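Working through the structure, step by step
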Amino acid sequence: MIVILRRDASEEQVRRIVSAIEEAGFGAHVSRGEQRTIVGAIGTSPEARPILIERFKGLPFVDKVVPVLKPYKLVSMEAKTQREPVRVGDVSVGPDTFTVIAGPCAVESEEQLMAAARAVRDAGARLLRGGAFKPRTSPYDFQGLGEEGLKLLAAARRETGLPVVTEARAAGQVELVARYADVIQVGARNMQNFDLLKEAGRSGMPVVLKRGFASTVEEWLKAAEHVASAGNLNIILCERGIRTYEQAVRFTQDLAIVPVVRELSHLPVIVDPSHASGRRGLVGPVCRAALAIGADGALVEVHPNPDGALCDAAQQLRPKQFEEMMRRLRRLAAALDREM
Ligand code: PEP
Ligand code: MN
């Protein structure tokens, strides 16, 4: 961290900064320019750093405090030299691949889930999605089948061979979800549910971490750091649209963030064009854009009969539409030297 003092800072004030750094157990390096004095703190720990930064920012003779290291060290590019895949069974998510995770928004019945699972497998999806615990904005909306839904997901995996991605809505659900699923999804509304993040971290299971729709990249990566600091680096980041003033789409897919995250973190980053756009007609085009901009995959909602779906009916693809989308994606992936 570098502390830039105001022009009129006195020697006594410089000394105060130096002693605060030294008292915290770190080295201080003073550099006097013609106009300004700056103090560098050397060897600070990730726990001490934010405390010192806040304290110095509040001092009237300090102009600016500039952190040098990222506040999310385990998931940052500073921790590794290259981007790393997350493995789910024999499926690798990222880099140089484009992994499609597909299935219904919610598990509704055996018949519905099996039809969706077979359709997405036949069209080339590598993982099956489906919610058993649904985070719904209204308490009157369909909340999911709970453990019954998890059992159906496990049966769909046996039948199709596709590993299963499903959401845990609370820390207390992680153990149950981990018993049936292959990947734990942390939903957008739960991105800062720190107890859930820690528990997902302790489980050691691969985690899909959705970006909160009002969260910055830094907050998203700090959320990932919670999972990582509990001992689990198997994290797949998922951009699922953020809230803007725009009403023509459900959320706004923040595609430019994909290359930004790829620079900042070694974790794979996928995109969810279904929740971002809210309309099935936009899912294919946004998915192709996601592949082109460098995303490692996509999470897509597919329902055998979306008109009868219990949630997110307007955005779920029909099996035929998904098949067509996958055909076009494969052509694009081949042109971009990406495996699908
Ligand atoms: C979902 O994937 O079904 C879901 C609820 O997503 P999000 O948390 O992004 O809204
Ligand atoms: Mn949904």
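Along each chain, numbering runs from 1 in the same order as the chain's sequence is written. As they are written, the chains are lettered A onward and the ligands numbered 1 onward, keeping that order. Only residues with pLDDT of at least 70 get local features here, since the model is predicted, and only at 80 or more are side-chain atom pairs given and counted; chain-wide, interface and lining totals rely on the full set of residues. Working from all heavy atoms in the structure, the side-chain values ignore hydrogens and water.

Coordination of the manganese ion (ligand 2) by the protein comes from Cys105 (SG), His275 (NE2), Glu301 (OE) and Asp312 (OD), over a distance range of 2.1 to 2.4 Å. The donor set covers N, O and S atoms within 2.8 Å of the metal, switching to 3.2 Å for Na, K and Ca, and it leaves out water, so a site may look short of donors. Read in sequence order, the donor residues coordinating the manganese ion (ligand 2) give the pattern C-x169-H-x25-E-x10-D. A residue pair is termed long-range when its members are at least 10 positions apart, and cysteine 105 in the loop between strand 7 (99–103) and helix 3 (110–123) and aspartate 312 in the loop between strand 14 (297–301) and helix 11 (319–335) qualify at 207 residues. Three labels apply to residues, based on accessible area from a 1.4 Å probe with only protein chains included: buried if under 20% of the type maximum, exposed if over 50%, partly exposed otherwise in between. Residue cysteine 105 is classed as buried on the basis of its relative accessible area of 1%. A relative accessible area of 17% places aspartate 312 in the buried class. Runs of H or I in DSSP of at least four residues are treated as helices and runs of E of at least two as strands, each being numbered from the N terminus.

On to the domain arrangement of the protein chain. The split into domains, and so the bounds of each, comes from an automatic or database assignment of domains. Annotation of the protein chain at the domain level lists domain 1 (2–67) and domain 2 (86–335). Relative placement of domain 1 and domain 2: their C-alpha centres are 43 Å apart.

Moving on, we come to the side chain of threonine 99. With respect to the helices and strands, the residue threonine 99 is situated in strand 7. The buried category is assigned to threonine 99, whose relative accessible area is 3%. A contact between two residues is defined here by any heavy atoms of the two lying within 4.5 Å. Threonine 99 has contacts with Val91, Ser92, Val93, Arg126, Leu127, Asp296, Gly297 and Ala298, leaving out every residue within four places of it along the chain.

The next thing to look at is helix 7 (residues 217–229). Expected span of a helix: the number of residues minus one, times 1.5 Å. The terminal C-alpha atoms of helix 7 lie 18 Å apart, and with 13 residues this matches the ideal 18 Å at 1.5 Å per residue to within 8%. Those residues of helix 7 not exposed but buried are Val217, Trp220, Leu221, Ala223, Ala224, Glu225, Val227 and Ala228. Taken from the residues just after helix 7, glycine 231 is the one with a positive phi, measuring 100°.

Below, the discussion takes up the pattern of salt bridges. Any two side chains of opposite charge can pair, given that their charged atoms come close. Salt bridge criterion: a side-chain nitrogen from Lys or Arg within 4 Å of a carboxyl oxygen from Asp or Glu. Here the structure, examined in full by the defined rule, presents 23 salt bridges. Here arginine 36 makes a salt bridge to aspartate 63, at a shortest N to O gap of 2.9 Å. With arginine 36 in the loop between strand 2 (27–32) and strand 3 (37–42) and aspartate 63 in strand 4 (residues 62–66), this residue pair connects regions lying 27 residues apart in the sequence. Under the relative-accessibility criterion, arginine 36 is labelled partly exposed at 31%. Linking glutamate 239 and arginine 211 is a salt bridge whose minimum nitrogen-to-oxygen distance equals 3.1 Å. You can see glutamate 239 sitting in strand 12 (residues 235–239) and its partner arginine 211 sitting in the loop between strand 11 (207–210) and helix 7, a full 28 residues away along the chain. Exposure remark for arginine 211: the relative accessible area of 5% places this residue in the buried category. Residues joined in a network through salt bridges with shared partners are Lys320, Glu323, Glu324 and Arg327.

Whether a residue is near a molecule or strand is decided by its heavy atoms; if any one of them lies within 4 Å of it, the residue is near. Around ligand 1, the neighbouring residues are Arg129, Lys134, Pro135, Gln185, Gly187, Ala188, Arg189, Lys210, Arg240, His275 and Glu301. Two N or O atoms count as a polar contact when they lie within 3.5 Å, although within protein this holds only if one can serve as hydrogen donor and the other as acceptor, and sequence-adjacent residues are included solely when both atoms are side-chain atoms. One of the backbone N or O atoms of alanine 188 is found 2.8 Å from an oxygen atom in ligand 1. One of the side-chain N or O atoms of histidine 275 is found 3.3 Å from an oxygen atom in ligand 1. All accessibility values rest on the Shrake-Rupley procedure with a 1.4 Å probe; residue burial counts only the protein chains present in the view. Against a free-state accessible area of 300 Å², the protein chains account for coverage of 97% of ligand 1. Taken atom by atom, the bulk of ligand 1 overlaps the second largest pocket. Grid points spaced at 1 Å and placed over the protein atoms alone form the basis of the search, with a cavity being a set where a 1.4 Å probe fits but cannot get out and a pocket an open set showing protein on both sides within 12 Å along at least five of seven lines. Lining residues have an atom within 4 Å of a point. Any molecule with more than half of its atoms within 2 Å of a cavity's or pocket's grid points is counted as sitting in it.

Time to look at the layout of surface pockets. Grid points are joined across faces, edges and corners, and a volume is the space filled by probe spheres set on the points. Approximately 640 Å³ is the volume found for the largest pocket. What lines the largest pocket is a set of 20 residues, among which Pro46, Pro50, Pro71, Tyr72 and Lys222 lie closest to the centre. Elements represented by at least two residues in the lining of the largest pocket include exactly helix 2 (48–57) and helix 7. In terms of residue count, helix 7 provides more of the lining of the largest pocket than any other element does, five residues in total. Think of it as three bins: nonpolar holds Ala, Val, Leu, Ile, Met, Phe, Trp, Tyr, Cys and Pro, charged holds Asp, Glu, Lys and Arg, and polar takes everything else, Gly as well. The residue makeup of the lining of the largest pocket, split by class, is nine nonpolar, two polar and nine charged.

Another aspect to go through is the packing of helix 6 (residues 194–203) against helix 7. For helices, the fitted axis covers only the stretch in contact; all axes are lines through C-alpha atoms, and the angles between them, taken along N-to-C directions, range from 0 to 180 degrees. In the contact formed by helix 6 and helix 7, the axes pass within 7 Å of each other and the chain directions differ by 45°. One way to sum up the angle between helix 6 and helix 7 is to call them oblique. Of the two possible hands of crossing, helix 6 and helix 7 adopt the one that is right-handed. Packed against helix 6, whose contacting residues are Phe194, Leu197, Lys198, Ala200 and Gly201, the element helix 7 presents Ala223, His226, Val227 and Ser229 at the interface. Considering only residue class, the contact of helix 6 with helix 7 consists of five nonpolar, three polar and one charged. Each angle gets one of four labels, with under 35 degrees taken as roughly parallel, over 145 as roughly antiparallel, 65 to 115 as roughly perpendicular, and the rest as oblique. With the far helix as reference, a near helix turned anticlockwise by less than a right angle produces a left-handed crossing, and one turned clockwise produces a right-handed crossing.

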